[in-house]
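Analysis of the macromolecular model
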Amino acid sequence: MRFSNLCVAKGSSINGLVAEADTQKLFLCANTLNRAAATVTLAMSIVFFISGFAKLFGVPMFHVPFTLMNLPTGFGYFIGLMEVIGALGLCLRDYRVLSASGLLAIMMGAIYFHFNYEAAINALPALSLSAGLFLVIKLDEIIERLVQFQRQLALSRSAF
């Protein structure tokens, strides 16, 4: 079964009235999206956790960009701390979007560095991490809508 067919329920509407929704399809769709979101979120969290700790422990390779941009040494440690906090926040449902947004701001700085101080091709990892963070935010939004739709469906079924 294709994913596009998986989440389309017959007669379903998120904002309108619910006519005939296949609850089995909705459950399967929610399950699939939750697994996808968990996988992407875990991957992003691991990457930022490792990168943040490398900066916190003073690994020279991770502090070179800050030196090249004439930023204070403490700024690299601050960014490392923010990455670790952001990685932990990605694992908490209530703080996921906020953490992903903060990490996106850090990635914008990384992209700026690579485009202005190195070859543009070196920005690909930062660009791909940014895309992953956008995906985390979007999946969180979609899952939230799906949960609201399932609640609406359950309320409409109990009314009959």
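Residues numbered from 1 in each chain as written. Predicted model: local features only at pLDDT ≥ 70, side-chain atom pairs only at ≥ 80, totals over all residues. Heavy atoms only, no water.

For the chain, an unreviewed UniProt entry supplies the name DoxX family protein and the organism Shewanella septentrionalis. The record held by UniProt for the chain lists under Subcellular location (unreviewed entry) the comment "Membrane". (UniProt positions renumbered as here; feature names shortened; annotations may be inferred.)

Another aspect to go through is the overall build of the chain. When helices and strands are tallied, the chain shows six helices and zero strands. Element order for the chain, N to C, with α for helix and β for strand: α-α-α-α-α-α. For the chain, long-range pairs separated by at least 24 residues make up 64% of all intrachain contacts whose partners lie at least 6 apart in sequence. About 9900 Å² of surface is accessible on the chain, with carbon and sulfur atoms providing 68% of the total. (Helix = DSSP H or I, 4+ residues; strand = E, 2+ residues; numbered from the N terminus. Contact = heavy atoms within 4.5 Å. Areas by Shrake-Rupley, 256 points an atom, 1.4 Å probe, with all protein chains shown as cover.)

Per-residue confidence for the chain averages 85 on the pLDDT scale, and 84% of its residues sit at or above 70. Looking over the chain, one finds the lowest element-wise mean pLDDT in helix α1 (residues 3-6), namely 50, and the highest in helix α4 (residues 73-90), namely 96. Low confidence marks residues 9-19, where pLDDT is under 50. Its contacts with residues over four positions away, or in another chain, come to 21 contacts. (pLDDT = per-residue confidence, 0-100.)

Membership of the largest hydrophobic core comes to 17 residues, with the highest contact counts inside it found for M44, F48, L90, L103, M107 and L133. Elements supplying a minimum of two residues to this core: α2 (23-56), α4, α5 (96-117) and α6 (124-159). Within the second largest apolar cluster, ten residues are counted, among which are C29, L33, L139 and I143. (Core = buried A, V, L, I, M, F, W, Y, C linked by side-chain atoms within 4.5 Å. Buried < 20%, exposed > 50% of the residue type's maximum accessible area, 1.4 Å probe, protein only.)

Further remarks concern the packing of aromatic side chains. The final tally for this structure, using the stated rule, is six aromatic pairs. Look at F75 and F78: their rings are 6.2 Å apart centre to centre, the planes differ by 35 degrees, and that puts the pair in the tilted class. Here F75 and its partner F78 are both found in helix α4, three residues apart, which amounts to about one turn of the helix. Residue classification places F75 among the partly exposed residues on the basis of a relative accessible area of 34%. Accessibility expressed as a relative area gives 43% for F78, which makes it partly exposed. Centre to centre, the rings of Y112 and Y117 are 6.4 Å apart; their planes meet at 70 degrees, and the pair counts as edge-to-face. Owing to a relative accessible area of 46%, Y112 belongs among the partly exposed residues under this scheme. Relative accessible area serves as the criterion here: at 38%, Y117 is assigned to the partly exposed category. An aromatic cluster is built from F49, F53 and F57, whose rings are joined through pairwise contacts. (Phe/Tyr/Trp six-rings, centres within 6.5 Å; stacked < 30°, edge-to-face > 60°.)

The subject of this paragraph is the UniProt feature "transmembrane region" (unreviewed entry) in the chain. Per the UniProt record, "transmembrane region" (unreviewed entry) is found at residues 33-54, 74-92, 97-115 and 121-139. From the first C-alpha to the last, residues 74-92 spans 27 Å; its make-up is 89% helix and 0% strand. Taken end to end, residues 121-139 is 84% helix and 0% strand, and its first and last C-alpha atoms sit 28 Å apart.

Here we take up the side chain of T41. Tracing the backbone through its elements, the reader meets T41 in helix α2. On the accessibility criterion, T41 (5% relative accessible area) is buried. The residues contacting T41, other than those within four sequence positions of it, are L90, R96 and V136.

Attention shifts here to the pattern of salt bridges. Inspection of every chain in the model, using the stated rule, returns five salt bridges. Two residues, R96 and D140, come together in a salt bridge whose shortest N-O distance is 3.8 Å. Within this pair, whereas R96 is found in helix α5, its partner D140 is found in helix α6, the two being separated by 44 residues in sequence. An identical accessibility class is assigned to R96 and D140; each is buried. For R145, the salt bridge goes to E141, with nearest N and O atoms at 2.9 Å. Taken together, the positions of R145 and E141, both in helix α6 and four residues apart, correspond to about one turn of that helix. (Salt bridge = Lys/Arg side-chain N within 4 Å of Asp/Glu carboxyl O.)

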